[in-house]
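Here is what each chain is made of, one letter per residue.
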Amino acid sequence: MTIKVGVIPAAGRGERMLPLTRAMPKEMVIVDGKPFIQYVVEGMVAAGIKTIYIITGWRKHSVLDYFGSGENFGVDISYIVQDEMLGLADAIGRVRKFVDESFVVGLGDDIFWPVSCMKDIVDFHEEKKSSATLSIEEVSSSEVEKYGIVKIDKDYRVIDLVEKPPASKAPSRFAIAGIYVFTPEIFDAIQKTRPGKNNELQLTDSIKLLVDSGKPVYSKKLNGHRITIGSIDELRKANEFFVYMNSKKYPK
Ligand code: UTP
């Protein structure tokens, strides 16, 4: 079945980007001429998504002001409010009332270049007919503690996953990047998830429940670059990335 629904969690407080996020959500910070979250929307549109649910919350009116119904962006956009930051799994669980088919999740603070990255993961999910598909990228051992890390077999099936492990306990150097595809099975797993790190409902714990119950969960290496803006330093790097790409596109 073709995937037509996208979910973008964008309700976080963005505390690592303070003081910028006092006045605006980090997802609306401009990178190379447009709000960061617009790249996520465009990735979804390029993957054939027709309906997007943006999870918003704290100080997020500007997201709605900017996208409205989504008409100008070629997609139908609705908004779901997450009042309290109870974690990524909680944010995604909020779409359950509206979604009874497979869907793709793109984090509001992670983008991918080229735009076709999202479609690659969606196509792979459909080919494998898995319960969940995670995009992954290899990171250095000093970085594993910033990410959810997977243990995979030779066919890239996920055998285990752990959220932000210290380097000594990481099962691999493959980090979950910000694109996921799920069947509605994830909703029951989220319901069974108990608060984990930071007392939040961690999405990696919900995915682990799927893995532990024998459901097929696969990973796919990103065919491109991930650009993230969790911190001011990462925002600077994101801008540098686009300056570099533009200078390659428009040689002087
Ligand atoms: P992050 O943990 O990177 O974002 O979540 P954050 O919570 O805004 O950042 P800090 O730690 O306070 O600096 C990844 C994505 O998931 C969303 C965030 O908005 C971000 O786009 N998110 C996270 C939610 O929508 N709800 C949550 O409860 C947690």
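Residues numbered from 1 in each chain as written. Predicted model: local features only at pLDDT ≥ 70, side-chain atom pairs only at ≥ 80, totals over all residues. Heavy atoms only, no water.

Asker: Can you walk me through the site of the ligand in this structure?
Answerer: In the region of the ligand, 18 residues are neighbours, and Gly12, Glu15, Arg16, Glu27 and Gln82 sit closest. Between the ligand and the protein, one listed contact pairs an oxygen atom with a side-chain N or O atom of lysine 26 at 3.1 Å. Here glycine 87 contributes a backbone N or O atom positioned 2.9 Å from an oxygen atom of the ligand. Here the ligand has 580 Å² of accessible area as a free molecule, and 83% of this is covered by the chains. Taken together, the residues of the shell around the ligand sort by class into 7 nonpolar, 5 polar and 6 charged. (Near = heavy atom within 4 Å. Polar contact = N/O pair within 3.5 Å; in protein donor to acceptor, adjacent residues only side chain to side chain. Areas by Shrake-Rupley, 256 points an atom, 1.4 Å probe, with all protein chains shown as cover. Nonpolar A, V, L, I, M, F, W, Y, C, P; charged D, E, K, R; others polar.)

Asker: I keep staring at the nonpolar core and nothing clicks. Help me out?
Answerer: It is characteristic of soluble globular proteins that their nonpolar side chains tend to be buried jointly. Core analysis: the largest hydrophobic core is formed by 40 residues, its most contacted members being Ile52 and Ile54. Among the elements of the structure, α2 (36–46), β4 (51–56), α3 (61–67), β7 (110–113), α5 (117–128), β11 (174–182) and α8 (232–249) are those that each provide at least two residues to this core. Residue contributions to this core peak at 6 residues, all from α2. Non-local contacts of isoleucine 52, meaning those with residues more than four positions away in its chain, are made with Gly6, Ile8, Val41, Met44, Val75, Asp76, Ile77 and Ser78. Val7, Val105, Leu161 and Phe182 belong to the second-largest nonpolar core, a separate cluster that totals 35 residues. (Core = buried A, V, L, I, M, F, W, Y, C linked by side-chain atoms within 4.5 Å. Buried < 20%, exposed > 50% of the residue type's maximum accessible area, 1.4 Å probe, protein only. Helix = DSSP H or I, 4+ residues; strand = E, 2+ residues; numbered from the N terminus. Contact = heavy atoms within 4.5 Å.)

Asker: It is not clear to me how unusual backbone geometry should be interpreted in this structure. Could you clarify?
Answerer: For the bond running from leucine 18 to proline 19, omega is 5°, close enough to zero to count as cis. Looking at the secondary structure, you find proline 19 in the loop between β1 (5–9) and α1 (20–23). With omega at 0°, the peptide bond leading from tryptophan 113 into proline 114 counts as cis. Note on placement: proline 114 falls in the loop between β7 and α5. One non-glycine residue, aspartate 32, lies in positive phi territory at about 50°. On the secondary structure map, aspartate 32 appears in the loop between β2 (30–31) and β3 (34–35). The phi angle at lysine 129 is positive, at roughly 50°, despite the residue not being glycine.

Asker: Which parts of the structure should I look at to understand the pairing of β1?
Answerer: Every other side chain in a regular strand lies on the same face of the sheet, so the side chains alternate between the two faces. The element β1 is largely enclosed, with a buried count of 5 among its 5 residues. The two faces of β1 match: Val5, Val7 and Pro9 on one face and Gly6 and Ile8 on the other face are all buried. Direction of pairing for β1 relative to β4: parallel, over a ladder of 5 bridges. Across the sheet, valine 7 pairs through a bridge with tyrosine 53, a residue of β4. Bridge count for β1 against strand β6 (residues 103–106) is 3 bridges, and the pairing is parallel. Along β6, the bridge assignment pairs valine 5 with phenylalanine 103. (Pairing = 2+ DSSP bridges.)

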